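Residues per chain, in single letters:
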Amino acid sequence: MTTLPSLFRLMAAAIAVFVLGAASLAAQELPPPARPAPTEQTTEQKVDQLLQLLGQDDVRALLTQKLAAAGTEQPPELTPQSQLSDLDQWASKRREHLGRLARDLPGMSTQIIAALGRLCDEISNYGTAVFLLHVSILFGAGLAGGIATNRIIAMQASRRNGANIGKEASSVVSRRLLPVFGYGIAATAMFLAIQWSPLLSAVLLPWLATSIVLPLLFAFTGLLRRVVGREANARRDFWIVRWTWLLTLAGVFWALLRTLENLDVPRDTLGLLSSAMVSLLFLLACIWIWRRPVGDPGSERARSIDVALIFGLIILFGLRLAGAGVLFWIGLYALVLPGLASTLGIAARKLATDIGTYGESDLRPVLVERGVRLAIVGTAILWLIFLVRAHPNSLPDGALLTSIVVGVLHGALILLLADLVWIAIKSMIARRLELSTPAGNPMSGQTGGGQPQDDRLLTILPILRNMLGIIIAAVAVMTALSELGVNIGPLLASAGIFGIAIGFGSQTLVKDIISGVFYMIDDAFRVGEYIQSGSYRGTVESFSIRSVKLRHHRGPIFTVPFGSLGAVENMSRDWSIDKFLVTVAFDTDIAKVRAITKEIGKALKEDPEFGPFLIETVKLKGVEQFGEYGMTLGFGMMLRAGGQSSMVRRKAYSMLKDAFAQNDIQFASMAGAYPTSTRSARPQEPEASDGTGTVEE
């Protein structure tokens, strides 16, 4: 088994070979120094110059020789370069690039020493003591501005403290980010105030920018570690710290390369030096991959994944040395972007949830997370598109592969934008549904909003959300296919013809969808209302594009297509009148019953459980009819919408029964069919016959 030191020795040897035999992408991509454009000549000047050349004997002799040889010369054969395929030409350019940089390698140290000599000469001309004094004043003023900003913030922060992530994040921002801004403003103002020479100004500017950016990087990664949680995911925290170190080294290397470039170091030398710097960064990345912590405590390390990642980095480094910049950036983004976008997205979601005090099911933190991921991935995609268009020859197969890569990148960016738009629409609709949902006790008849249009929104918005989702998905897919070079015109025409065929073959489905649209326009029913249509009745629970779900009061749920509903009876809109009948004996005192009913209605109205349902309390309407055994009295009451009439009616029945029993009011029965004073006057029953068919009188 290969040990860790031997593996790293092999890797260091491989990287050293690459450094000695190749150069960087920057040397291949930067254009050569511009030559002065020749002075444009007029046609007369060109003719005069041609006549002067023809007047010379050697020119005439050479021209005669060329004309004589032109008659016997065979057509030129194809050069080996023209016979090569696009892939072979691409590989040949990479080999030429490596060979050219290998020839420039011996002179790299000489060029760097000469640049440092020019810098020393410039400092001597400026004055060494004056230069050191001005540099001390420059960075000293910046430090003073940062310290002053920190003191002011500390005085304000001592008056408040926080315990959650949002307040802790704001504390980190104020204590670490704002002093850096104070340092940057003070140092930049001092840099502009001092009269530098042009060369010294160009040399100091990259280091000033680095001194501002690196503290911002440290403050940002510190905040990121606090938000994500160091103990929650040790591997994620490990890579946050290591990426901070890599970016710090990259910033220092960038400032050094910019300094050497301003000192007129050749571009090929800068490319070789940048390759050495990149090799150091890749070597550190390989070491950290080998030493990274395992994901879960107690789990075994998968060394095969570590080896695969290390060899992937070696391949990427080789591509960069060979000048294949686009392939290098594509591979680097494929390795880095998933973890970076996931980490920053999680941090953004936690901050949004804590600062906005949102619930776990709220989609607004999800929208923030997707927005951060889109910003990161979108920036990477735009950078790749710029590289591909700026350097089309850096990909094998030339223009064809370039157009394919650009189309794929455009399609990915479009799909990401569509995903963000969809999440934003879902978030807004979910928020509106949350505000429209009744917040009170549904048994009390009180809702949170109390507006009829809120119930209608609860009905329409879910259908609108589904339709918008289908539209966004269709538009995104069609646009992505168009960016890939697919002609979507025939697809749209085929979709139209296919839609017409489906319309003729599925007339019932079309009828259901169109009927549902008109039910929504007419506001025939809403979610939560109790409706009846034919043999179907129940509370409206939800909708789809073609059907409605009704929950029967006994429990079963009906899924009814809109085309089958027909006339709809809505028993929950605004208010309802509930009437019921009670049959009492003929000798009942109607006035007494009316007084009793009035007292019952007053008590029912004041009841905290049933009173909120009543608009008009129970009243006696009068005698509805006379029956065989008694007279029927009609009662009625006006209730609020909500399907609570049966519950209130049962309560009214119970109160009437108790009140009638207390006041000796008899319900109708055979015994009470006639008043007591007249029961002796009832007609006698005929006696039985004697068998002869006659009745005795």
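Look up: the structure comes first, before these words.
Owing to the predicted nature of the structure, the values given are computational and were not obtained by experimental measurement. (Residues numbered from 1 in each chain as written. Predicted model: local features only at pLDDT ≥ 70, side-chain atom pairs only at ≥ 80, totals over all residues. Heavy atoms only, no water.)

Asks: Which residues make up the overall build of the chain, and what values go with them?
Replies: Looking only at helices and strands, one finds 21 helices and eight strands in the chain. The buried share of the chain, taken over its 697 residues, is 33%. Restricting to contacts in the chain with at least 6 residues of sequence separation, those with at least 24 account for 71%. Put simply, the chain shows about 41,400 Å² of open surface, and 62% of that area lies on carbon and sulfur atoms. (Helix = DSSP H or I, 4+ residues; strand = E, 2+ residues; numbered from the N terminus. Buried < 20%, exposed > 50% of the residue type's maximum accessible area, 1.4 Å probe, protein only. Contact = heavy atoms within 4.5 Å. Areas by Shrake-Rupley, 256 points an atom, 1.4 Å probe, with all protein chains shown as cover.)

Asks: Mind laying out helix α13 (residues 303-321), listing which residues take part and the relevant values?
Replies: The terminal C-alpha atoms of α13 lie 27 Å apart, and with 19 residues this matches the ideal 27 Å at 1.5 Å per residue to within 8%. Along α13, the residues classified as buried are Asp306, Ile310, Leu313, Ile314, Leu316, Phe317, Gly318, Arg320 and Leu321. (Expected span 1.5 Å × (residues − 1).)

Asks: Tell me about the side chain of Thr221, and please be specific about residues and values.
Replies: Tracing the sequence through the fold places Thr221 in helix α10 (residues 198-228). By relative accessible area, which is 12% here, Thr221 ends up buried. When neighbours within four sequence positions are excluded, Thr221 is seen to be in contact with Ile240 and Thr244.

Asks: Kindly report on the nonpolar core, identifying the contributing residues and their values.
Replies: Judged by nonpolar contacts, the single largest core of 29 residues is most densely connected at Phe131 and Trp196. Elements supplying a minimum of two residues to this core: α7 (108-126), α8 (128-157), α9 (165-193), α10, α11 (234-262) and α12 (267-291). Those residues in contact with Trp196, other than ones at most four positions away along the chain, are Tyr126, Phe131, His134, Val135, Leu138, Phe191, Ser201 and Leu204. Judged by nonpolar contacts, the second largest core, of 24 residues, contains Val584, Ile596, Leu620 and Ile665. (Core = buried A, V, L, I, M, F, W, Y, C linked by side-chain atoms within 4.5 Å.)

Asks: Which residues make up a nonpolar patch on the surface, and what are the values?
Replies: On the surface, Met467, Ile470, Leu509, Val510, Ile513, Ile514, Val517, Phe518, Ile521 and Ile545 cluster together into a nonpolar patch covering about 850 Å² of accessible area. At the level of elements, α17 (452-483) and α19 (507-522) are the ones that each hand at least two residues to the nonpolar patch. Looking at which element gives the most residues to the nonpolar patch, the answer is α19, with seven residues. Position of Leu509 relative to the elements: it lies in helix α19. A relative accessible area of 36% means that Leu509 is categorised as partly exposed. (Patch = residues over 30% accessible without salt bridge, like charges linked within 9 Å, V, L, I, M, F, W, Y side chains within 5 Å. Salt bridge = Lys/Arg side-chain N within 4 Å of Asp/Glu carboxyl O.)

Asks: How would you sum up the packing of α7 against α12? Please name residues and give values.
Replies: Closest axis-to-axis distance for the α7/α12 pair is 10 Å, and the angle between their directions is 105°. In terms of their interaxial angle, α7 and α12 are classed as roughly perpendicular. Contacts between α7 and α12 pair Met108, Gln111 and Ile112 from the former with Thr269, Leu272 and Leu273 from the latter. Among the residues making up the contact of α7 with α12, the classes are represented as four nonpolar, two polar and no charged. (Axes fitted to C-alpha atoms, helices over the stretch in contact; angles between N-to-C directions. Parallel < 35°, antiparallel > 145°, perpendicular 65-115°, else oblique. Nonpolar A, V, L, I, M, F, W, Y, C, P; charged D, E, K, R; others polar.)

Asks: Give me α10: which residues, what numbers.
Replies: In an α-helix, one full turn covers 3.6 residues, which means residues spaced three or four apart are oriented alike. Its 31 residues give α10 an end-to-end C-alpha distance of 45 Å, which sits within 8% of 45 Å, the value for a rise of 1.5 Å per residue. A bend of about 25° at Leu204 is the largest found in α10, and the proline Pro206 appears one to four places after it. (Bend = angle between axes of the 7 residues up to and from the residue.)

Asks: Any chance you could break down the packing of α7 against α10 for me, citing the residues and the numbers?
Replies: α10 packs onto α7 with a crossing angle of 120° between their chain directions and a minimal axis gap of 10 Å. Judged by the inter-axis angle, α7 sits oblique to α10. In the packing of α7 onto α10, the handedness of the crossing is left-handed. From α7, Leu119, Glu122, Ile123 and Tyr126 reach across to α10, where they touch Leu199, Leu200 and Val203. Residue classes in the contact of α7 with α10 are distributed as six nonpolar, no polar and one charged. (Left-handed = near helix turned anticlockwise from the far one by under 90°.)

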